[in-house]
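As a plain string of letters, each chain reads:
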Amino acid sequence: MPSFSGMVLSSLALLLGIAVAPASIKAQTLPLDESLTSLLSPEGQQLLQESEAQTDYVPLASQFVTQQNQAFCGIASTVMILNALGIPAPEAPEWERQYFTQENIFNPATEAVIERSLIERQGLTLAELAGIISSYPVTVEVLYGAEVTLDEFRQAIATNLAEGDNFVVVNYLRRAIGQETGGHISPIAAYDADTDRFLILDVSRYKYPPVWVEAEALWQATDTIDSVSERSRGVVLVSALE
Ligand code: CA
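Residues numbered from 1 in each chain as written. Predicted model: local features only at pLDDT ≥ 70, side-chain atom pairs only at ≥ 80, totals over all residues. Heavy atoms only, no water.

Chemist: When you look at the overall build of the chain in this model, what are you seeing that I'm missing?
Modeler: The helix and strand tally for the chain stands at nine helices and 11 strands. Taken over 242 residues, the chain has a buried fraction of 47%. Sequence separation of 24 or more characterises 63% of the internal contacts of the chain that already satisfy a separation of 6 or more. Surface summary for the chain: the accessible area is close to 12,100 Å², and the carbon and sulfur share equals 53%. (Helix = DSSP H or I, 4+ residues; strand = E, 2+ residues; numbered from the N terminus. Buried < 20%, exposed > 50% of the residue type's maximum accessible area, 1.4 Å probe, protein only. Contact = heavy atoms within 4.5 Å. Areas by Shrake-Rupley, 256 points an atom, 1.4 Å probe, with all protein chains shown as cover.)

As structure tokens, this is what we get:
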């Protein structure tokens, strides 16, 4: 219930026609490192409004999902990308519609890349993520963090974020950007050149809000070794077939 003084102030503002600045949106997520900016903060929303590369934001935001279990960050990200691209989808029996879900995305082709039961235990490596995505009719390009410079990393992603019909998924080490804790996968939705930051639409929505992260920090978080693949993490660039 609002306090009496709060009610008086908002009533007064209403009477006088004064715009009341929106407060930060409350979320039941973990606190953020000071190097990260939540999209839910006024500052984070302003970064989005002023961002130079945000073509991908609306199609991704309209398909934003929460990962279904703790190992399905790559699966949830893939579902978002495929639905955003409008790739022909299998039937989702619960809705009697053709639409990708974290259940119907699996088929013999994805099982040949990696079995679902194994994903549920250990998640996806960058190569497995690319393999799952490219089992559908799209083209993928994989950039390993250890094999690109910061400039190449920034350029490839920012260019994609300004173009339609293609998307970026990043595989990074959370603790390298000040989050808890291990390897993670989520789509990137925008780039702000003035602050040199990328916006990650984090699919573990129960844990963190979407955050703006410095390009250099994200690049370094991809230049970390995944113990399963013994290779670095990185990004997958996904395009619709021409
Ligand atoms: Ca794009």
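Chemist: Whenever I open this one, the pattern of salt bridges confuses me. Can you help?
Modeler: A side chain with one charge can pair with a side chain of the opposite charge if their charged atoms come near. Counted according to the given criterion, the structure contains seven salt bridges. The salt bridge involving arginine 116 is made with glutamate 120; its shortest N-O contact spans 2.8 Å. Placement of the pair is arginine 116 and glutamate 120 together in helix α6 (residues 116-122), with a separation of four residues, close to one helical turn. Among the residues examined, glutamate 120 registers a relative accessible area of 38% and is labelled partly exposed. Ionic pairing is found between arginine 197 and glutamate 214, a salt bridge with its closest N-O pair at 3.7 Å. Note that arginine 197 is positioned in strand β7 (residues 197-200) and glutamate 214 in strand β8 (residues 211-214), a separation of 17 residues in sequence. (Salt bridge = Lys/Arg side-chain N within 4 Å of Asp/Glu carboxyl O.)

Chemist: When you look at the nonpolar core in this model, what are you seeing that I'm missing?
Modeler: For soluble globular proteins, nonpolar side chains are generally found buried alongside one another. Judged by nonpolar contacts, the single largest core of 42 residues is most densely connected at Phe100, Ile105, Ile119, Leu124 and Leu199. Every element with two or more residues in this core is listed here: α2 (42-50), α3 (57-61), α4 (73-85), α7 (126-133), β4 (138-144), β5 (166-173), β6 (183-192) and β11 (234-240). At eight residues, α4 tops the list of elements feeding residues into this core. Setting aside chain neighbours within four positions, we find isoleucine 119 in contact with Ala71, Phe72, Ile75, Phe106, Ile114, Leu124 and Ile132. (Core = buried A, V, L, I, M, F, W, Y, C linked by side-chain atoms within 4.5 Å.)

Chemist: Can you walk me through the side chain of aspartate 226 in this structure?
Modeler: Structurally, the position occupied by aspartate 226 is in strand β9 (residues 225-226). One buried charged residue, aspartate 226, forms no salt bridge at all, with the nearest opposite charge on arginine 233 at 4.7 Å. One polar contact links the side chain of aspartate 226 to the main-chain amide nitrogen of valine 228, over a distance of 2.9 Å. Residues in contact with aspartate 226, not counting those within four places in the same chain, are Leu124, Thr125, Arg231 and Arg233. (Lys, Arg positive; Asp, Glu negative; His and termini not counted. Polar contact = N/O pair within 3.5 Å; in protein donor to acceptor, adjacent residues only side chain to side chain.)

Chemist: What should I look at first to understand α4 in this one?
Modeler: Residue pairs three or four apart in sequence face the same way in an α-helix, which turns once every 3.6 residues. In this model α4 runs 18 Å from its N-terminal to its C-terminal C-alpha over 13 residues, within 8% of the 18 Å that 1.5 Å per residue would give. Taken across its 13 residues, α4 has 12 buried, putting it largely inside the fold. Among all positions in α4, only Cys73, Gly74, Ile75, Ala76, Ser77, Thr78, Val79, Met80, Ile81, Leu82, Asn83 and Leu85 are buried. Where α4 terminates, the next one or two residues include glycine 86, which has phi positive at roughly 75 degrees. (Expected span 1.5 Å × (residues − 1).)

Chemist: Explanation requested: unusual backbone geometry in the structure shown.
Modeler: Most of the time, phi is negative for any residue but glycine, and the peptide bond is trans. Cis geometry is found at the peptide bond from glutamate 180 to threonine 181, where omega equals -10 degrees. A positive phi is found at glutamate 96, a non-glycine position, where the angle reads about 55 degrees. In this fold, glutamate 96 is placed in the loop between β2 (91-92) and β3 (97-98). A relative accessible area of 66% means that glutamate 96 is categorised as exposed. With a phi angle near 60 degrees, glutamate 230 is a residue other than glycine that sits in the positive phi range. Looking at where glutamate 230 falls in the secondary structure, it is placed in the loop between β9 and β10 (231-232). The class for glutamate 230 is exposed, based on a relative accessible area of 65%.

These values are about where atoms sit, not about what they do.
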